[in-house]
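Topology and contacts: notes
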Amino acid sequence: MPTTTFRSFARSFGSKIEQPVRTHLVNVYACLTVSMISAAVGAYVHVFTNFLSAGLLTTLGATGLLLALMYTQDNGKNRSLRMSYLVGFTFFTGLGIGPVLDYVIHVDPSIIPTAFLASTLVFVSFSLSAIFAERGKWLYLGGTLMSLLSVLMCLSLANIFLGSELIFKGYLYLGLALMSGFVLYDTQLIMEKRRAGDKDFIAHSVDLFVDFIGIFRRLLIILAQKEQGSKKRKD
């Protein structure tokens, strides 16, 4: 039965999407997989070793490597160099999640795999919705998502001074919805870019990586806060 389902899925995938776009998506998700492994290594280094830990330097390192990747245009001969930039960026991003993981481990370590599985489920569901949706169906979300991103940034800045728990929760849930929407938008945008001749699957994978990390980070905090609230009620 699972084999039959997989074959049906493969036939549907193959018949609905052009070969160049299909190949491009495979490359994008392969890069995304490498990015996730690199980020996991970075998170492990922060949590379990004294070699490196999250801080200003790691943030600057991640930013610098991302800029290096974006400003080094793909010419077909420099992909190894650009992949090294990608791996470095995602490694430092994983380090940056370290403090959140420290907090979650203190609350309940089992939250981490739960949040990861939930993030994967959300990401895969929205990705498939974008891939198999009518062409360009979700591209209209671009303006709305950017507007909500501006609102999110304003909430974050305002809460630095207000320190409101209600605003913080709104920031988390709105951010979770926003990142999920970006999965839809970015996936279809990547497909349209490939149709227009853009073959830079390394840069395209960065968009999806940022979306996934945004979902994962927020689910970690949401689940940890719920667990803390449950413990307080029991006490």
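Residues numbered from 1 in each chain as written. Predicted model: local features only at pLDDT ≥ 70, side-chain atom pairs only at ≥ 80, totals over all residues. Heavy atoms only, no water.

Naming follows an unreviewed UniProt entry, where the chain appears as Bax inhibitor 1 of Macrosiphum euphorbiae. According to its UniProt record, the chain has this under Subcellular location (unreviewed entry): "Membrane". The heading Sequence similarities (unreviewed entry) in the UniProt record of the chain holds the text "Belongs to the BI1 family." (UniProt positions renumbered as here; feature names shortened; annotations may be inferred.)

**Topic: the overall build of the chain**
When its secondary structure is counted, the chain shows 8 helices and 0 strands. Ordered by position from N to C terminus, the α and β elements of the chain give α-α-α-α-α-α-α-α. A compact globule built from 235 residues should have a C-alpha radius of gyration of about 18 Å, and the chain, at 19 Å, falls within 12% of that. Overall, the chain is about 55 × 40 × 40 Å in size when its C-alpha atoms are taken along their principal axes. A total of 235 residues make up the chain; the buried ones form 39% of that total. Here the analysis covers contacts within the chain between residues at least 6 apart in sequence; of these, 83% occur between residues at least 24 apart. About 13,000 Å² of surface is accessible on the chain, with carbon and sulfur atoms providing 67% of the total. The average position of the 21 basic charges and that of the 14 acidic charges among the side chains of the chain differ by 5 Å. (Helix = DSSP H or I, 4+ residues; strand = E, 2+ residues; numbered from the N terminus. Rg over C-alpha atoms; globule rule 2.2 N^0.38 Å. Buried < 20%, exposed > 50% of the residue type's maximum accessible area, 1.4 Å probe, protein only. Contact = heavy atoms within 4.5 Å. Areas by Shrake-Rupley, 256 points an atom, 1.4 Å probe, with all protein chains shown as cover. Lys, Arg positive; Asp, Glu negative; His and termini not counted. Charge placed at Lys NZ, Arg CZ, Asp CG, Glu CD.)

**What about the environment of Thr 59?**
The residue Thr 59 is located in helix 3 (residues 56-71) in this model. On the basis of relative accessibility, which here comes to 46%, the residue Thr 59 falls in the partly exposed class. Along the chain, Thr 59 and Phe 89 lie 30 residues apart, while their C-alpha atoms are 9.4 Å from each other.

**Description of the layout of surface pockets**
Of the volumes computed, that of the largest pocket is approximately 700 Å³. Along the wall of the largest pocket there are 29 residues; nearest its centre are Met 179, Val 210, Asp 211, Gly 214 and Arg 218. Counting only elements with at least two residues in the lining of the largest pocket, the list comes to helix 3, helix 4 (79-107), helix 6 (141-162), helix 7 (165-195) and helix 8 (201-234). For the lining of the largest pocket, the class distribution of residues is 17 nonpolar, 7 polar and 5 charged. The volume enclosed by the second largest pocket comes to roughly 300 Å³. Considering the residues around the second largest pocket, the lining is formed by 15 residues, among which Ala 40, Ala 43, Leu 101, Ile 112 and Phe 216 are closest to the centre. Secondary-structure elements contributing two or more residues to the lining of the second largest pocket are helix 2 (19-48), helix 4, helix 5 (111-132) and helix 8. (1 Å grid on protein atoms, 1.4 Å probe; cavity = no way out; pocket = protein on both sides within 12 Å on 5 of 7 lines; lining within 4 Å. Points joined across faces, edges and corners; volume = space filled by probe spheres on them. Nonpolar A, V, L, I, M, F, W, Y, C, P; charged D, E, K, R; others polar.)

**Let's talk about the nonpolar core**
If you look at the biggest cluster of nonpolar residues, it comprises 53 residues, and the most contacted ones within it are Leu 25, Phe 209 and Leu 220. Elements with a contribution of two residues or more to this core: helix 2, helix 3, helix 4, helix 5, helix 6, helix 7 and helix 8. The greatest single-element share of this core, amounting to 14 residues, is contributed by helix 8. (Core = buried A, V, L, I, M, F, W, Y, C linked by side-chain atoms within 4.5 Å.)

**Some points on the UniProt feature "transmembrane region" (unreviewed entry) in the chain**
The residues that UniProt annotates with the feature "transmembrane region" (unreviewed entry) are residues 25-45, 51-71, 83-105, 111-132, 139-162 and 168-185. Secondary structure content for residues 25-45 is 100% helix and 0% strand, while the C-alpha to C-alpha distance between its ends is 30 Å. The span residues 139-162 carries 92% helix and 0% strand; its end-to-end C-alpha distance comes to 35 Å.

**Structural notes on helix 7**
Under the 1.5 Å per step criterion, the end-to-end length of helix 7 is 45 Å for 31 residues, consistent within 8% with the ideal 45 Å. Where helix 7 begins, the side chain of Ser 164 points an oxygen toward the backbone nitrogen of Leu 166, at a separation of 3.3 Å. (Expected span 1.5 Å × (residues − 1). Polar contact = N/O pair within 3.5 Å; in protein donor to acceptor, adjacent residues only side chain to side chain.)

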